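A closer look at the structure
Residue strings, one per chain:
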Amino acid sequence: MNLNYGLIGNSCTAALISDRGNIDWLCMPYFDSPSIFASLLDKDKGGRFGIEVGEGYEIAQKYIPHTNLLRTHFKSAEGEFEITDFMPYYTVQGTNEYYHPSEVYRYFHFIQGSPRIRIEYKPKPDYARGKCMIRVEDNHIESLSDTNDKDRQYLYSSLPLNNILQGEFFTLQKDEFFLLSYNEKIGTVDMDKEKLEYCRTLVFWLNWSETNLKFSAYSQVIERSLLTLKMMQFYNGAVLAAITTSLPEVRGDVRNWDYRFCWLRDASMTIETLVKCGHTKAARRFVKFVESTFTGNHSHFQIMYGIHGERRLTEKTLDHLSGYDGSKPVRIGNKAYLQKQNDSFGYLMNMIYQYYTLVPGSTDDVENMWDMVKSIEEMVIRDWRKPDKGIWEIRGKARHFLSSKVMCWVALDRGAKIARQLGKTTFEQRWNEEAETVKSDVLLNGWKENLHTFTQTYDNNYLDSSVLLMEAYGFISADDPKYRSTVQVIEKNLFKDGLMYRYNSPDDFGQPQSAFVICTFWLIRALFVTGEKDKAGKLFESILSRTNHLGMLSEDISFETGELLGNFPQAYSHLALINTARLFSD
């Protein structure tokens, strides 16, 4: 079992479709809603929208170029056809409003022969917690769970509805379609409607891709990751860390988390990446989202929020589901929202600084953001000396993580730069002075002369890949002997078989066993900026070879098998791929 999936989405929700054309993960109406199909987490109970064909079929899958419309091609001596899956997404004519309903189209295009197909339509709403009730109406199949009769799904098709439910084989002789919608449709649902939605969505994605900045190398790799990140931004500006929940970092282990939320750190890094590639509208939406959370409570920022701005993300387990390949527990919610992670505000302030510099705003926008900047800076000044949980969300004792201190310096440094742009001299001076205090503290307590490296925390000698970010965010120069030595020591101790560990310290669940994808990209950058460009290039090619058949990456990779593990697709991994590719293409 591997994560050979493609993603379709429309900034409302998203679906994972296997390389055999099965929808194995879909939540409706939103990314973080209960699942309708979750065979990804339980093959027997989870539910799926599957396709079955006879033996001898060659199946290939690819995206229509420059779009997020996914095409799965089936061919055998019996016949040939293809399925195009997409979620409608386009601008309503004559307005600036987007049309992105919670629905999936599946368009079956007949090519030749007499292909025989069976549809496996098994919705299991509400995470399969109850019994699914199904009834056939005049033009659709309605489904709902007895645990939540408010959420209903409606399946429309050009094929006989009862035959679909009975799972009968049919011979494809012409084009057919399916529409799965969270809402009952008012207008006519037919092939003409499907083709219209297809064309509008196709044009939307082609136009969006056309606005990407162009690069001399790895342009297709960059574009696919940008398209993936675009699907992971909710329409209100929030950015998900991943589309899924509870895909394990290690098979059979308990490191299974729900990532369908907006971490300020991950989201800020994603938005900064999109902005640098030409997509400033994404930044404007995200800043509005952050401002909305700030307006509700001027004195407190959380490290993460629900995609609607929720502050309480209570963690629960779904014990009736067996988990991905038997990896339990399956979790919904994430209690990390209660943690203190001082580094988050460095990433956020770095993104806000980029926004200030690159995106013109109205007087109201600038003033609202300046109010938010002042609040963040005061919080950093108050808290940077305190221990926290760090970038990796350690659930044990809070510690003085070096990466958190460095990112506090980033927050203060970027705040001072913003103050300078606005002519706020007093704030600029104060924040610069505090930034220098932080830097002196890190250089004094984070460097271990006996090891010739910066370490994970002030009070331990473990190594951590996040320390490599010191250079990327301007805390230290690439030619500083201490940084060069740190890169060498970290590579020697955390690099294994072409991949990187996050750290070599035991955590709440034991010793880390898998490679964390973004860390390998961090090492590539560190090698590149310290003069080992050929070595960095070979390592970059190596990790590109580890993407799935559609160029997509998860959170982790197994050292032993090379399979993708962890939540999927992972924003961290794709933003890092883009930024690393740009090193070799700018």
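Quick caveat: nothing in here was measured; it's all calculated off a predicted structure. (Residues numbered from 1 in each chain as written. Predicted model: local features only at pLDDT ≥ 70, side-chain atom pairs only at ≥ 80, totals over all residues. Heavy atoms only, no water.)

Take the overall build of the chain next. Along its length, the chain carries 14 helices and 28 strands. Against the 2.2 N^0.38 benchmark of 25 Å for 586 residues, the chain shows a C-alpha radius of gyration of 24 Å, consistent with a compact globule. Per-residue burial over the chain gives 62% buried out of 586 residues. For the chain, long-range pairs separated by at least 24 residues make up 65% of all intrachain contacts whose partners lie at least 6 apart in sequence. Just so you have it, the chain exposes about 22,200 Å², and 48% of that area is on carbon and sulfur atoms. (Helix = DSSP H or I, 4+ residues; strand = E, 2+ residues; numbered from the N terminus. Rg over C-alpha atoms; globule rule 2.2 N^0.38 Å. Buried < 20%, exposed > 50% of the residue type's maximum accessible area, 1.4 Å probe, protein only. Contact = heavy atoms within 4.5 Å. Areas by Shrake-Rupley, 256 points an atom, 1.4 Å probe, with all protein chains shown as cover.)

A few words on the packing of aromatic side chains. We describe a pair of aromatic rings using the distance from one ring centre to the other and the angle between the two ring planes. Enumeration according to the criterion identifies 42 aromatic pairs in this entry. On the basis of an interplanar angle of 45 degrees and a centroid distance of 4.4 Å, the ring pair of Tyr501 and Phe559 is categorised as tilted. Linking Tyr501 in the loop between strand 25 (499-500) and strand 26 (515-516) with Phe559 in the loop between strand 27 (556-557) and strand 28 (564-565), this pair joins segments that are 58 residues apart in sequence. Tyr501 sits in the buried class, given a relative accessible area of 19%. Here Arg224 stacks its cationic end above the ring of Tyr63, 3.8 Å away from the centre of that ring. The cationic tip of Lys439 hangs over the ring face of Phe475; the distance from NZ or CZ to the ring centre is 5.1 Å. (Phe/Tyr/Trp six-rings, centres within 6.5 Å; stacked < 30°, edge-to-face > 60°. Lys NZ or Arg CZ within 6 Å of the ring centre and 35° of its normal.)

Core analysis: the largest hydrophobic core is formed by 190 residues, its most contacted members being Ile119, Phe286, Phe301 and Ile352. In this structure Phe301 touches Leu264, Val290, Thr293, Phe294, Phe345, Met372, Ser375, Ile376 and Met379, once residues within four positions along its chain are discounted. If you look at the next biggest cluster of nonpolar residues, it comprises 11 residues, including Ala241, Ala242, Trp263 and Tyr337. (Core = buried A, V, L, I, M, F, W, Y, C linked by side-chain atoms within 4.5 Å.)

Here the focus is the sheet that holds strand 26. As a general point, the strands of a sheet are linked pairwise by backbone hydrogen bonds and lie either parallel or antiparallel. Spatial strand order, 26-27-28: three strands in an open sheet with antiparallel pairing. Looking at strand neighbours, the two that pair on one side only are strand 26 and strand 28, the edges of this open sheet. By the bridge criterion, two bridges tie strand 27 to strand 28 in an arrangement that is antiparallel. Paired with Ile557 across the bridge in strand 28 is Leu564. (Pairing = 2+ DSSP bridges.)

Let's shift gears to the UniProt feature "domain: Trehalase-like N-terminal" (unreviewed entry) in the chain. Summarizing the sequence annotation, UniProt attributes the feature "domain: Trehalase-like N-terminal" (unreviewed entry) to residues 7-142 in the numbering used throughout. Strand forms 52% of residues 7-142 and helix 0%; the C-alpha atoms that close the span are 25 Å apart. (UniProt positions renumbered as here; feature names shortened; annotations may be inferred.)

Another point: the pairing of strand 1 (residues 5-9). Burial runs high along strand 1: five of the five residues are buried. Two elements, strand 1 and strand 2 (residues 14-18), share five bridges in a ladder whose sense is antiparallel. Bridge pairing in strand 2 places Leu7 opposite Leu16. In this antiparallel pair of consecutive strands, strand 1 and strand 2, the connection spans four residues, and Ser11 shows a positive phi of 65 degrees.

With that settled, consider the side chain of Thr244. If you trace the backbone, Thr244 turns up in the loop between helix 3 (219-231) and strand 18 (262-263). The residues touching Thr244, leaving out its near neighbours within four places in the chain, are Leu16, Trp25, Leu40, Trp257, Asp258, Tyr259, Arg260, Asn567 and Phe568.

This paragraph deals with the packing of helix 4 (residues 264-276) against helix 14 (residues 571-583). Where helix 4 contacts helix 14, the two axes come as close as 10 Å, and the packing angle between them is 35 degrees. As for how helix 4 packs across helix 14, the hand of that crossing is left-handed. Each of Arg265, Asp266, Met269, Thr270, Thr273 and Lys276 in helix 4 lies in contact with helix 14, whose residues at this interface are Ala571, Tyr572, Leu575, Ile578, Asn579 and Arg582. The residue makeup of the contact of helix 4 with helix 14, split by class, is five nonpolar, three polar and four charged. (Axes fitted to C-alpha atoms, helices over the stretch in contact; angles between N-to-C directions. Left-handed = near helix turned anticlockwise from the far one by under 90°. Nonpolar A, V, L, I, M, F, W, Y, C, P; charged D, E, K, R; others polar.)

Moving on: a nonpolar patch on the surface. There is a patch of nonpolar side chains on the surface, built from Ile134, Val136 and Leu165 and spanning about 200 Å² of accessible area. Structurally, Leu165 is set in helix 1 (residues 161-166). Residue Leu165 is classed as partly exposed on the basis of its relative accessible area, which comes to 31%. (Patch = residues over 30% accessible without salt bridge, like charges linked within 9 Å, V, L, I, M, F, W, Y side chains within 5 Å. Salt bridge = Lys/Arg side-chain N within 4 Å of Asp/Glu carboxyl O.)

Okay, the side chain of Ser514 next. Within the secondary structure, Ser514 is located in the loop between strand 25 and strand 26. Classification of Ser514 as buried rests on a relative accessible area of 9%. Here the side chain of Ser514 touches Glu249 through a polar contact of 3.2 Å, landing on its backbone oxygen. Looking at Ser514, its side chain comes within polar contact range of the side chain of Asp556, at 3.3 Å. Leaving out residues up to four positions away in the same chain, Ser514 has contacts with Glu249, Val250, Tyr501, Asp556, Ile557 and Phe559. (Polar contact = N/O pair within 3.5 Å; in protein donor to acceptor, adjacent residues only side chain to side chain.)

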